[in-house]
Structures are given as C-alpha cells and as structure tokens.
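# Architecture and fold: a report
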Amino acid sequence: MHTPILIPAYEADPALAETVKALREMGFTRIVVVDDGSRRPESLAILNQLDGVHLLKHAVNLGKGAALKTGLNHILLTWPEAAGAVTADADGQHSPEDIAAVAAKMAGNPGHLILGSRQFQGEIPWRSKLGNRISATMVKFLVGTRLTDTQTGLRGIPALLAGHLLKLPSNGYEFELDMLLAAKHRRIPAVELPIRTIYLNANASSHFDPLWDSMRIYLVLLRFTLASVFTAIIDNAVFAVSYGESHNILLSQLLGRSVAVLFNYAAARKAVFLSRSPHTETLPKYLLLVVANAAISYLLILLIHDRFPAGVVAIKLGVEAALFLASFLIQRDLIFSRKQGEATDWTGYYDSVPPTARLTRRYSAGALVRMMRTAGVQPGAHMVEIGGANSCFYDRLKEEFRPSRYEVIDTNRHGLDLLARRASAEVELRQEDVLDLPVDPHADVVFSAGLVEHFDQARTRRAIQAHFDQVKSGGTVLVTFPTPTLLYRFTRKLLEMFGLWKFPDERPLSPEEVRAAVEERGEVLEERVLWPLILTQGVVVARSRSVEASTDDPPARTFAARAGALPRT
C-alpha cells in the first residue's frame, strides 16, 4: 500500500473522486493527481475537493504524457525509496481493485513494467477496439513483443524506467507507446495482468481524439520507416549521380552508403529507438551491420544485373527494400537494445536458459561439490543457497550430500515457482532480499553463485556479510563471482557486440574486494579461478568465525597454497 498511485486528470468528472476515495479506503496513502490544465468550474471543484492527495497543476493543457512525466518526477523526488508507481486513468475505466492488483503484481515482479490489459470482450466502442487492434499489430513489429492492450493507462512503472521516461520528448497519448519502446530498449520486461474492460457512457468522457491522436501514435510507430525512406533517398541519389559519372557499381555503392550512414545512425539512435547507450557501444555494431548490408546488397545487385536486363538503380531500389525488414530487426534487437544501468531480466532468463549455460552448470556444480568436501561439509548438512531461484545446483547437491534441509533465498517469485515444481518437500523457498535478511545463524553451509556481482561495491559487501548472518559458527561459506581476467573481458565484449549478453548489471569483482569482505567474518580456506568457464569465475571458501572472535586474527588459508590464489588482475 506504499506504492504511489499517479492519476493524470483533464476536466475530471465525479469518477475521479470515487476512485480516490476507494483507494484511500483500501489503504493507499501516496496518491498523486496531476491537473492537466482543467478549465471547467465543475472539474476544478472536484479536483480541489480531493482529500488526502498530492495535487499538482499545469497552467495549461500539455497532454497526458506531460502530466505523467510531471507526476513521475514528483514521485521520484518525494519517495525515492519507492520501487515504482502505478498510473491509472481519471475517467473511471480502472477499478480500484484492478489498480491494487497491478500494485501487488509490481511488488512481486520488481524491475518489470506491469500492464493492466483489457480483454476487449462484449460491447466495446468501435474506436477503442479498432485502435487497439491496429496498434497491437504495429507494436508487435516495432517492439517485438505481442501485447493484448498497448494503449492501457493502468501501468506499474518501475523506478528504473521512470527516470528515463522523463527524458522522452513526447507529451500526448503517444507517450504511452514511447514508454513501451523505452522499456524494450532497456530490456525491461513487460508483464500483462488481465483487468476488467470498463467503458462508461460508451467512453464519452475520454479526451482521446480518434483521428488526430491516432495519427500521432502511429507516427511514433512509423519513425523507423520514415528514417529509412530519407536514408534511402540520400543513398540512392548519391549512388545514381556517382554511377552516372563512373559506371562503377562498387564505387557508387560505397559513396552512397557512406553519406547515408551519417544521417541514418543519428536518426535510428535518437528518433527511432530512443537509445542513450554510449556511441562506443552502439556505433561499432551499427557499422558492422552497414558493412554486411552493403556487401549483401552489392552482391545481389551484381547477380541480378548479370541475369536480367534492368537498370542498376532500379535493381538497387528493389534489393534495399528487400533488406529493409532484416535491417530493422537487427537494429531493434541487437544494436540499440542494451542500456547500461538496467537490471538483469531474471524472469526471462529462467524461461529461456542459453544452451551453453547447461554445459557450464555441470562443471560449476562439480567444482562446488569438490570444494565443499575439501572444506569438510558432511552428508546431512543444512544448506542455504542465496540467489538460487530455479537452482541449477540443487539436484547435484542433493545427490552428493543428502542435505537434511535445503533453503533457497531469492527475490524472483517466478524462479522460485519453477524450482518448487521439480524440488522435493525438504526444500524451503524464501522470497527475501539478500540485502535485508535477518541475522539467523542456523545453517551448516551457505553459498551463492551469480549473485554478489549484481550490486555496487557497498551492497556487494553487505550481500557477502549476509552469507555469514545465516551460517553457524564454524560453518562453511562459499561465494562465486566473475573476475575480470583478460579472457572474461574479451568474451563479454564479444557477446555484448552481438547482443547476446544477458546480464547488463553484472560487475566483475576483483579477488581483493571479495576477500576483504569475507575476512571480516570468516577465515579463508580456499581460493581459485574456474578457468574452463571462459567467463572466468572466482571462488572463495571460508569458515565462519564466532561473533566474539577478533577480526584482527590472521585468516587461515589452509588450502590456499594447494589450490592457488586468485590472480590479481
């Protein structure tokens, strides 16, 4: 109930007051209403009589997108700790129960864009049904995601996305489609939650203009086409002039593409895909696409020109049109999609694990078993795996150690549910945050793999300390983490270049950083690098000291000399 609710309102009617009253009765205390330049006396009276809300005002009507940005800005400044905000319309189309359901869904899916999706069944106004069908089809092509309701105003917007939305230039209804684009290219997953479809008086209170607002929305969807058309005009004009003078296809192709690329890169990056990734990340991939596209185009022009009696310029136009769709999809999914600072989509990862991960997991599981045995872990031990939603180690550890109790702690509900379907009854699933775990030293072994590297330095230290908060005095703590060897850096850069890297917030850790955090609470037993993983993983195994033990005691590295210390890269 601490989730902020944001309602943009223009010429509000009594439905707004009823919605606000119901939300307050349900326990919502952070309700923001943005008056987008209302002028009717009756609307102003309704707005001014709202009780228990933060009322923000626009002097003139700026548009729904502008009102949403004003409200989001207020929420980010007033409640910076909030995980996000839920937006709802002011005309009664969204029931308080559905608004609360979206808030609950967002709480269970942090970092996701939650869409309250109408089902469009029964008596639906024609302009709403037709508009949604058209936009759903076009969004599927542009965004690459099939959505039931692309124009819903009931949304759970994560704080990670909200800050980026403030920078969008759109201020009208098209803002909500730009939001889908922004989420797509920051790899923020969209999750749909079915809601009721409510239209009061055939949606007469809506301020959506079927002609003008639809044109503005679809113009957003056609930006890539427009950018490509202008690029093609530049490219083919330069090509035609050059070929007319030189009669050299290769030279003309190079000149035309070189001039056109200057315009197209800027247009695609800023106007189409709304990308703010650094040029060092997007430009090399874009130029690689340009070279590949030009080579394919050149070869096809030669092949067709040799076999058919057609003009070279006409053939080029046909070839470029045929390559248009492939070029768009590559730019959409591989070049302008990744954003620094975004969170890893763990839900998507659990649903589609890369085939290579299945091989590396076998090696990692074997390494964990060997190191646990070396550290003295006995059969029947009580084990806790932190960050282990849909654990890939549970089956192997169960086989090797037959743990008396096995706990998995993670924030991702979907991953925990997947594990619950295949795990036996002794597995205890805990949807908790590693940074906010209670001190409860009860386990014999606490370990994590693929966890601590997803935080900044201060929170990484806190996450490592949390392992010791869950383990008995003298128990075993094992932490794995990516370490920035030359092999790791080269492999990751290669994967990023081709859009195959799935962990944008992964921060490779120096061995010194991990060791320092571990030695505050434990004695290091073993350190090593798992080189066969290519994306090299460091491992530190430690024995927990009692709380009373002095942290100044020198750590005992009983097995360090035999295992080999981590390289200081």
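Scroll up a little and you will see the structure.
So, how was this worked out
- Think of each chain on its own: its residues are numbered from 1, step by step along the sequence as written.
- Residues qualify for local features only when their pLDDT is at least 70, as the model is predicted, and side-chain atom pairs are given and counted only at 80 or more; totals for whole chains, interfaces and linings, by contrast, use all residues.
- For side-chain calculations, the full set of non-hydrogen atoms in the structure is used, while hydrogens and water are omitted.
- Between buried and exposed lies partly exposed: a residue is buried under 20% and exposed over 50% of the maximum accessible area for its type, with that area taken using a 1.4 Å probe on protein chains only.
- Strands here are runs of E lasting at least two residues and helices are runs of H or I lasting at least four, both read from the DSSP assignment and numbered beginning at the N terminus.
- Think of it this way: DSSP has to see at least two bridges between two strands before they count as a pair.
- We define a nonpolar core as any set of buried Ala, Val, Leu, Ile, Met, Phe, Trp, Tyr and Cys residues linked to one another through side-chain atoms lying within 4.5 Å.
- When checking whether two residues touch, look at their non-hydrogen atoms; a contact exists if any pair is within 4.5 Å.
- By salt bridge we mean one thing: a side-chain nitrogen of Lys or Arg within 4 Å of a carboxyl oxygen of Asp or Glu.
- The axes are straight lines fitted to the C-alpha atoms, using for helices just the contacting stretch, and the angles between their N-to-C directions are given from 0 to 180°.
- One fewer than the residue count of a helix, multiplied by 1.5 Å, yields its expected span.

## Some words on the pairing of strand S5 (residues 113-118)
If a strand is regular, its side chains alternate between the two faces of the sheet. In terms of residue burial, S5 counts as a mostly covered element, since six of its six residues are buried. Where S5 and strand S7 (residues 190-195) come together, six bridges link them in parallel fashion. Within S7, the position partnered with Ser-117 by the bridge is Pro-194. Here S5 pairs with strand S6 (residues 155-158) via two bridges, running antiparallel. The residue of S6 that forms the bridge with Leu-115 is Arg-155.

## Topic: the nonpolar core
Among the nonpolar cores identified, the biggest contains 37 residues, and Met-372, Met-383, Leu-397, Tyr-406, Phe-447 and Leu-478 are the most heavily contacted of them. Elements supplying a minimum of two residues to this core: helix H13 (346-351), helix H14 (355-374), helix H15 (394-401), strand S9 (405-410), helix H16 (413-422), strand S11 (443-448), strand S13 (522-530) and strand S14 (537-544). Element by element, the count of residues in this core is highest for H14, at seven residues. Contact partners of Leu-478, with chain neighbours within four places excluded, come to Leu-368, Met-371, Met-372, Val-446, Phe-447, Ser-448, His-467, Val-539, Val-540 and Val-541.

## Some thoughts on the pattern of salt bridges
All told, the structure shown has 25 salt bridges when counted by the stated rule. The salt bridge partner of Arg-459 is Asp-456, with a shortest N-O separation of 3.6 Å. Overall, the relative accessible area of 40% leaves Arg-459 in the partly exposed class. In this structure, Arg-461 engages Glu-520 in a salt bridge whose closest nitrogen and oxygen atoms are separated by 2.7 Å. With Arg-461 in helix H17 (residues 457-469) and Glu-520 in the loop between helix H19 (511-519) and S13, this pair connects stretches of sequence that are 59 residues apart. The class of Arg-461 is partly exposed, set by a relative accessible area of 42%. By relative accessible area, Glu-520 is classed as partly exposed at 29%. One continuous salt-bridge network, built from bridges that share partners, spans Arg-405, Glu-407, Glu-428, Arg-430 and Glu-432.

## Description of the sheet that holds S7
Here we have seven strands laid out as an open sheet, ordered S3-S2-S1-S4-S6-S5-S7, and mixed in their pairing. Of all the strands in the sheet, just strand S3 (54-58) and S7 have a single pairing partner and so form its edges. For this sheet the average axis-to-axis angle between neighbouring strands, irrespective of direction, equals 25°. Pairing between strand S1 (residues 5-9) and strand S2 (residues 31-36): five bridges, direction parallel. In the strand pairing of S2, Ala-9 is matched with Asp-35. Contacts from helix H1 (residues 14-26) reach S1 and S2, with the element oriented near 170° to S1.

## Side note on H17
In an α-helix, one full turn covers 3.6 residues, which means residues spaced three or four apart are oriented alike. Helix length check: H17 (13 residues) gives 19 Å between terminal C-alpha atoms against 18 Å at 1.5 Å per residue, within 8%. Regarding H17, the residues found buried are Thr-460, Ala-463, Ile-464, Gln-465, Ala-466, His-467, Phe-468 and Asp-469. For H17, the secondary structure elements touched by its buried residues are strand S8 (382-386), S11, strand S12 (471-482), H19, S13 and S14.

## A look at the sheet that holds S9
Taken together, seven strands build an open sheet; the order of strands is S10-S9-S8-S11-S12-S14-S13 and the sheet is mixed. The open sheet has two free edges, formed respectively by strand S10 (427-431) and S13, since each of these has just one partner strand. Strand after strand, the sheet turns through a mean of 15° between neighbouring axes, direction not considered. Those strands touched by H17 are S8, S11, S12, S13 and S14, and its axis lies near 150° from that of S12.

Honestly, that's just the spatial picture; any functional story needs more than this.
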